[in-house]
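These are the residues of each chain, in order.
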Amino acid sequence: MGRLIFIAVLLAVIAEIASAQLVEVPAAKEEGDELGAMGLNFKEEEIDGGFSSLDGMLQWAIGHSDPGVLKERSKVFQRMSPEELKERQTEIKELVEKLKMPSDAQLMQIAVNDLDNSSLPLEHHQRALEELLVLVEHIDNAIDLHKLGGFSVLLRKLDHFEPEIRTAAAWVLGKASQNNPVVQKQVLELGALPMLMKMMKSHSTEEAIKALFAVSALIRNNLIGQDMFYQEAGHAMLQEVLSNSKLDIRLHKKSLFLIADLADGQLENENTAAVPFFSNRLLLKAVVDSMASSDLDLQEKALYAIKNILLLRSTEIQVFKDFCKLNEALERTRQQLQQFMVEDDLREYATDLEGLRKEVELTFLQKLDKVTQAAR
């Protein structure tokens, strides 16, 4: 945001030169122009790489400025003498050269270099991570970060002595990996997954949350990453989280969301071999037990996870019935939702959840009936 504000202020000055040099352009653009009333309107991606020349920046400023503002400023410049105008142009050109905005690649390289410089104060490392967190939002930037050696540096920071640095490094890796198979592959090959899973056991809640976020981002829609997660005993990690009532509820919610997502991915790849992950009794029971929470959002995520697992062909329905006591859990949830429905601020949400609960119950009973019929 600070970067865009900087450019907006700079362009407000540059527009004065543009209006003086190209008086006829604003008038031509005025008809049908629906630009905003703030004078400058631009998209971040249009300025993302910086400007290669002053002329390019001037043209961009003209095309994204309020024609009325440019017209008024042009009158001021028209009253200037040629000498005054030339002097003003020279001043602005010098200012632009001094304040020329670097490209995203240059900004990332600066951040990576600062992060890799152990002699710099901790604040500089934190600032570099904050800069990278914003820059990797763009898919192309995230891919380029690997070429700059950024991921290797970030992985080293996962072992930093300060939890704040570890947390921020995990967050950047997660942001860069989101919906980006190229980056997922690069980060997985560097060995980030086991390190992030280890960070899940941190005493720092924020570190654990950001580590789980990064794990989810790395393996989402990525079969290789998911296989690695299963091999690293991902079921034990998630079961441990869900079974620990002392942990922050955000960790429980993110764990349930990840389980639901993994089961959904398995549904889309039913031709692949069944994953033992979804047959782990302790994990399944931890998911079912999560429905006992009074937090409706947590209940919803638990119900979705159970629903997706029940839809898998490989699901052992008797485990849900005998070991997880799903019948009893669903009935308790029904009674709890009935109580929430009398509260005005929760009625609509509770009603929607009751619909989801009935859907899970129907799926469970239908699958249980098939197994019973087959056993006769």
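Every chain's residues receive numbers from 1 upward, in the order its sequence appears when written. Restriction of local features to residues with pLDDT of at least 70 applies here, the model being predicted, together with a cutoff of 80 or more for giving and counting side-chain atom pairs; totals for whole chains, interfaces and linings are based on all residues. Computation of side-chain values covers all heavy atoms of the structure but excludes hydrogens and water.

Chemist: Outline the pattern of salt bridges, listing residues and values.
Modeler: A side chain of one charge can pair with a side chain of the opposite charge when the charged atoms of the two come close. We define a salt bridge as a side-chain nitrogen of Lys or Arg found within 4 Å of a carboxyl oxygen belonging to Asp or Glu. Applying the stated criterion to the full structure yields 19 salt bridges. Where K175 meets E137, a salt bridge forms, and the shortest distance between an N and an O atom there is 3.2 Å. In this pair, K175 sits in helix 10 (residues 163-177) while E137 sits in the loop between helix 7 (122-135) and helix 8 (139-147), placing the two residues 38 residues apart along the sequence. Between E359 and K307 there is a salt bridge, with its nearest N and O atoms 2.9 Å apart. Placement of E359 in helix 21 (residues 347-375) and of K307 in helix 18 (residues 296-310) is noted, with a sequence separation of 52 residues between them. According to the relative accessible area criterion, K307 is buried, its value standing at 18%. One connected set of salt bridges, linked through shared partners, spans E206, K210, D248 and R250. A run of H or I in DSSP becomes a helix once it reaches four residues, and a run of E becomes a strand once it reaches two; helices and strands are each numbered from the N terminus. Think of it in three bands: residues with accessible area under 20% of the maximum for their type are buried, residues over 50% are exposed, and the middle band is partly exposed, with areas taken using a 1.4 Å probe on protein chains only.

Chemist: Go over the layout of surface pockets, please, and point to the residues and values.
Modeler: Empty pockets left among the atoms are what a rolling probe the size of a water molecule brings to light. Every definition here rests on a 1 Å grid over the protein atoms only: cavities are sets of points where a 1.4 Å probe fits but cannot get out, pockets are open sets enclosed by protein on both sides within 12 Å along at least five of seven lines, and lining residues have some atom within 4 Å of a point. Grid points are joined across faces, edges and corners, and a volume is the space filled by probe spheres set on the points. Reported here for the largest pocket is a volume of approximately 390 Å³. Contributions of two or more residues to the lining of the largest pocket are made by helix 12 (192-199), helix 13 (205-219) and helix 15 (234-243). The element best represented in the lining of the largest pocket is helix 15, accounting for four residues. Counted by class, the lining of the largest pocket contains 10 nonpolar, five polar and four charged residues. Computed from the structure, the second largest pocket encloses a volume of approximately 240 Å³. In terms of lining, the second largest pocket is formed by Q178, N179, L212, F213, S216, A217, R220, K254, F257, L258 and D261. Among the secondary structure elements, those contributing two or more residues to the lining of the second largest pocket are helix 13 and helix 16 (249-268). Residues are grouped as follows: nonpolar covers Ala, Val, Leu, Ile, Met, Phe, Trp, Tyr, Cys and Pro; charged covers Asp, Glu, Lys and Arg; every other residue, Gly included, is treated as polar. Taken together, the residues of the lining of the second largest pocket break down into five nonpolar, three polar and three charged.

Chemist: Would you mind going over unusual backbone geometry in detail, with residue names and values included?
Modeler: Positive phi is not limited to glycine here, since N179 has a value of about 50°. Mapped onto the fold, N179 is located in the loop between helix 10 and helix 11 (181-189). According to the relative accessible area criterion, N179 is exposed, its value standing at 61%. Despite not being glycine, A233 has its phi angle at roughly 60°, a positive value. Structurally, the position occupied by A233 is in the loop between helix 14 (223-231) and helix 15.

These figures capture arrangement, not role.
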